[in-house]
There are 2 protein chains.
Amino acid sequence: MLKLIKSRRSMRKFKSDSVPEELLNQVIEAGRYAPSGGNNQSTHFIVVENKDILRELKDLAKEEFAKMQIEENMYKSLVHSITASKNGDYTFHYNCPVLIITANKKDYGNNIADCACALENMMLMANALDLGSVWINQLRWLNENPVILAKMKELGMADDERVYGALALGYADTEDGLPVRKPLDRTGNVVTYVK
Amino acid sequence: MLKLIKSRRSMRKFKSDSVPEELLNQVIEAGRYAPSGGNNQSTHFIVVENKDILRELKDLAKEEFAKMQIEENMYKSLVHSITASKNGDYTFHYNCPVLIITANKKDYGNNIADCACALENMMLMANALDLGSVWINQLRWLNENPVILAKMKELGMADDERVYGALALGYADTEDGLPVRKPLDRTGNVVTYVK
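An account of the accompanying structure is given in this report. Computed from a predicted structure; not experimentally measured. For every chain, the first residue of the written sequence is number 1, and numbering continues from 1 along that sequence. Note on labels: chains are lettered from A, ligands numbered from 1, in written order. In keeping with the predicted nature of the model, local features appear solely for residues at pLDDT of at least 70, side-chain atom pairs appear and are counted solely at 80 or more, and the whole-chain, interface and lining totals rest on all residues. Side-chain descriptors were evaluated using all non-hydrogen atoms of the structure, hydrogens and water having been removed beforehand.

## Quick notes on helix H3 (residues 51-67) of chain B
All names here are of chain B.
Okay, so step 1: Between the first and last C-alpha of H3 there are 25 Å, a value that for 17 residues agrees with the 24 Å anticipated at 1.5 Å per step.
Okay, so step 2: Exposed residues in this analysis have more than 50% of their type's maximum accessible area, buried residues have under 20%, and partly exposed residues fall in between, with area computed by a 1.4 Å probe over protein chains only. Under the scheme used here, helices are H or I runs from DSSP no shorter than 4 residues and strands are E runs no shorter than 2 residues, and both carry numbers assigned from the N terminus. Listed in full, the buried residues belonging to H3 are Ile-53, Leu-54, Leu-57, Lys-58, Leu-60, Ala-61, Glu-64 and Phe-65.
Okay, so step 3: Near the N-terminus of H3, the side chain that reaches the backbone nitrogen of Asp-52, with its oxygen 2.9 Å away, is that of Asn-50. What a helix is expected to span follows from its residue count: subtract one and scale by 1.5 Å. A 3.5 Å cut-off defines polar contacts: any pair of N or O atoms within that distance qualifies, except that in protein one atom must be a possible hydrogen donor and the other a possible acceptor, and neighbouring residues in sequence count only when both atoms are side-chain atoms.

## Concerning the sheet that holds strand S1 (residues 44-48) of chain B
Okay, so step 1: Strand order in this open sheet of five strands is S5(A)-S1(B)-S2(B)-S4(B)-S3(B), and the pairing throughout is mixed. Two strands close off the open sheet at either side, each with one partner strand: strand S5 (191-194) of chain A together with strand S3 (132-136) of chain B. Each strand of the sheet is rotated relative to its neighbour by a mean of 20 degrees, with strand direction disregarded. Whether two strands pair comes down to DSSP finding at least two bridges between them. Axis lines are fitted to C-alpha atoms, over the contacting stretch for helices. Their N-to-C directions set the angle, which ranges from 0 to 180 degrees.

## Remarks on the interface of chain B and chain A
Okay, so step 1: Of the residues lining the interface, 63 residues belong to chain B; the matching set on chain A comes to 63 residues.
Okay, so step 2: Put simply, buried area is how much 1.4 Å-probe accessible surface two parts lose in total, over both of them, once they are put together. Between chain B and chain A, a total of about 5,800 Å² is buried, with carbon and sulfur atoms accounting for 55% of that surface.
Okay, so step 3: By convention in these notes, a salt bridge is any Lys or Arg side-chain nitrogen within 4 Å of a carboxyl oxygen on Asp or Glu. Summed over the shared surface of chain B and chain A, the number is two salt bridges.
Okay, so step 4: Across the pair Glu-29 of chain A and Lys-6 of chain B runs a salt bridge, and its minimum N-O distance is 2.4 Å.
Okay, so step 5: Counting the contacts that link chain B with chain A gives 40 residue pairs in polar contact (both at pLDDT 80 or more).
Okay, so step 6: Put simply, the parts of the chain that give the side of chain B that touches chain A at least two residues each are helix H1 (2-6), helix H2 (21-32), S1, helix H5 (111-128) and strand S5 (191-194) of chain B.
Okay, so step 7: All amino acids are sorted into three groups, where Ala, Val, Leu, Ile, Met, Phe, Trp, Tyr, Cys and Pro are nonpolar, Asp, Glu, Lys and Arg are charged, and the leftover types, Gly among them, are polar. A per-class count over the side of chain B that touches chain A returns 31 nonpolar, 20 polar and twelve charged.
Okay, so step 8: One ladder, built from four bridges, connects S5 of chain A with S1 of chain B; its direction is parallel. In what follows, residue pairs with any heavy atoms lying within 4.5 Å of each other are defined as contacts.

## Details of unusual backbone geometry
Among all residues save glycine, negative phi is the norm, and among peptide bonds the norm is trans.
Residue and element names in this part refer to chain B.
Okay, so step 1: For Asn-73, which is not glycine, the phi dihedral falls at a positive 60 degrees.
Okay, so step 2: The phi dihedral of Asn-189 falls on the positive side, at around 55 degrees, and the residue is not glycine.
Okay, so step 3: Take Asn-189: it is sitting in the loop between strand S4 (161-170) and S5.

## Examining the side chain of Asn-145 of chain A
Okay, so step 1: Within the secondary structure layout, Asn-145 of chain A lies in the loop between helix H6 (138-141) and helix H7 (146-154).
Okay, so step 2: A polar contact of 3.0 Å, which involves the side chain of Asn-145 of chain A, links it to the side chain of Glu-64 of chain A.

By themselves, these figures tell us nothing about what the structure is for.
If you want it as structure tokens, here you go:
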């Protein structure tokens, strides 16, 4: 378990090959078995494999980010999304063959945390299956944007739900199709012991 | 991996036995290797094993919850914490021998999500080691409470950090010391396919 946890890496370059249904089902199942606040089980997994929809989501996000203004103390990755979109070239989902969007009830206090646990489970499961994956935050940042919200509802999201994260999933675009798992610097994440 | 993910359960009854250092270190390492927004690595793990401190945290939380008023549409688990505390008998951490508190920068947009990923990794690692664990939200709900905030700073939390979750960890209080892993109903967590 620790080996699988420590060898997981964010993967941002995907082959166009689709993910076999059997593997995809295992990744989704891993997400569904994540814990939830009070066993609420309200995470909604929206699994997008349709290439036209993926292209449309990419274009819509780019257009909406391009309209936004950069503010002081803005989250640095959001600043990057806005800047790249204004420059006209931005693909938030890295052209992954599968995008698993995690939505949850907007008025539920554990919505972000529950989606994060589901996403972490799916990232670990993907790693165990030699698939690459990366956490995608862009649709969460746009989750009250009217254009993106309307599109998400069109895809099956309920009126009282919002997006709290997503996972780009696929085969790594490397020679052997395996994610690169270089040694990782872990000098952050301080630990304080109270003995 | 899927077996370990699917057999994880929230465990709320702990033996008083401490967790051997070697196992505890593996759980913490699993948490430290969780992904973070922009590889920020700012999760701060505060590992409390001191029995006096654990008792003090329990008493302080109970006192502070007892002062709170129940509001409309309040998160149901928070309502329970307040009600039980007003009734004078409430142990938010289930008398676990180890409480791992996850803090993060208060002005960082991915603080809750990063802590959730770290907690999920630790829950899975605990399960792989036959330890029991359960997500603890109470110190997050009180993370702007002056009494709890002052105590957390005394325990080593930085001024710009807040608590976004915690893990109660220990041996299950069952005959064999193993967590009970009954079949789990997973009728929630709807999946929508966009093919």
